[in-house]
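# Close look at the chain arrangement
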Amino acid sequence: MASTAGYIVSTSCKHIIDDQHWLSSAYTQFAVPYFIYDIYAMFLCHWHKHQVKGHGGDDGAARAPGSTWAVVRGYLHKEFLMVLHHAVMVLVCFPLSVVWRQGKGDFFLGCMLMAEVSTPFVCLGKILIQVRGHLRVQEKGGTFGDFQG
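Residues numbered from 1 in each chain as written. Predicted model: local features only at pLDDT ≥ 70, side-chain atom pairs only at ≥ 80, totals over all residues. Heavy atoms only, no water.

If you check an unreviewed UniProt entry, the protein appears there as TLC domain containing 3B from Microcebus murinus. What UniProt records for the protein under Subcellular location (unreviewed entry) is the sentence "Membrane". (UniProt positions renumbered as here; feature names shortened; annotations may be inferred.)

Right, here's the structure in full:
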């Protein structure tokens, strides 16, 4: 969605500094609640993952989730760069985009939004890594061994 908005904004700007598009200001206001929600949703995934048996520690042993602060520390340790990225977007980039820009440079904002086009491919890569690991487990278990000639 961000890359589509970025494409629309950047292609509609004929003058790269002075042209404005309504979508640039609307999308930045939409993005702030999304980033806050995304941090919370990632934390909930982390929280529930550690409540599932066998996912408590790096050694594979089941462990109780512990205190809330322990889970928060584990989440921040594991997802530090993603949380930092979301926090910077909300606390730095949004105010800069709304106040400092003063309606100028929508073309460049659109170009930055188009950088998000890689996100689905990153997610697809993670999914393929998980599927490949799942297929290897099935190979060792004999599922694919039954079909060999």
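We are not done yet, so read on.
### With respect to the overall build of the protein
Looking only at helices and strands, one finds six helices and zero strands in the protein. Starting at the N terminus, the α and β elements of the protein follow one another as α-α-α-α-α-α. Scored against the burial criterion, the 149 residues of the protein give a buried share of 26%. Across the protein, every contact between residues at least 6 apart in sequence was considered, and the portion connecting residues at least 24 apart equals 70%. Surface accessibility of the protein: about 10,900 Å² in total, with carbon and sulfur atoms responsible for 68%. (Helix = DSSP H or I, 4+ residues; strand = E, 2+ residues; numbered from the N terminus. Buried < 20%, exposed > 50% of the residue type's maximum accessible area, 1.4 Å probe, protein only. Contact = heavy atoms within 4.5 Å. Areas by Shrake-Rupley, 256 points an atom, 1.4 Å probe, with all protein chains shown as cover.)

### A word on the UniProt feature "transmembrane region" (unreviewed entry) in the protein
Sites flagged by UniProt as "transmembrane region" (unreviewed entry) map to residues 80-101 and 107-129. With 95% helix and 0% strand, the stretch residues 80-101 has end C-alpha atoms that lie 28 Å from each other. Annotated as residues 107-129, this span is 83% helix and 0% strand, and its ends, taken at the C-alpha atoms, are 36 Å apart.

### Considerations on the packing of aromatic side chains
All told, the structure shown has five aromatic pairs when counted by the stated rule. Ring centres of Y27 and F30 lie 5.6 Å apart, and the angle between their planes is 50 degrees; on these two criteria the pair is classed as tilted. Of the two residues, Y27 and F30 are both situated in helix α2 (residues 22-49); the distance of three residues between them amounts to about one turn of the helix. Judged by relative accessible area, which is 13%, Y27 ranks as buried. For the pair F107 and F108, a centre-to-centre distance of 5.4 Å together with 75 degrees between the ring planes defines the contact as edge-to-face. Assessed through its relative accessible area of 22%, F107 is described here as partly exposed. (Phe/Tyr/Trp six-rings, centres within 6.5 Å; stacked < 30°, edge-to-face > 60°.)

### Observations regarding the packing of α2 against helix α3 (residues 68-78)
Here α2 crosses α3 at 115 degrees, and the two axes come no closer than 10 Å. In terms of axis orientation, α2 runs roughly perpendicular to α3. Along this stretch, α2 crosses α3, giving a crossing that reads as right-handed. Of the residues in α3, those in contact with I39, M42, F43, H46, W47 and K49 of α2 are T68, V71, V72, G74, Y75 and K78. Residues belonging to the contact of α2 with α3 are distributed by class as follows: seven nonpolar, three polar and two charged. (Axes fitted to C-alpha atoms, helices over the stretch in contact; angles between N-to-C directions. Parallel < 35°, antiparallel > 145°, perpendicular 65-115°, else oblique. Left-handed = near helix turned anticlockwise from the far one by under 90°. Nonpolar A, V, L, I, M, F, W, Y, C, P; charged D, E, K, R; others polar.)

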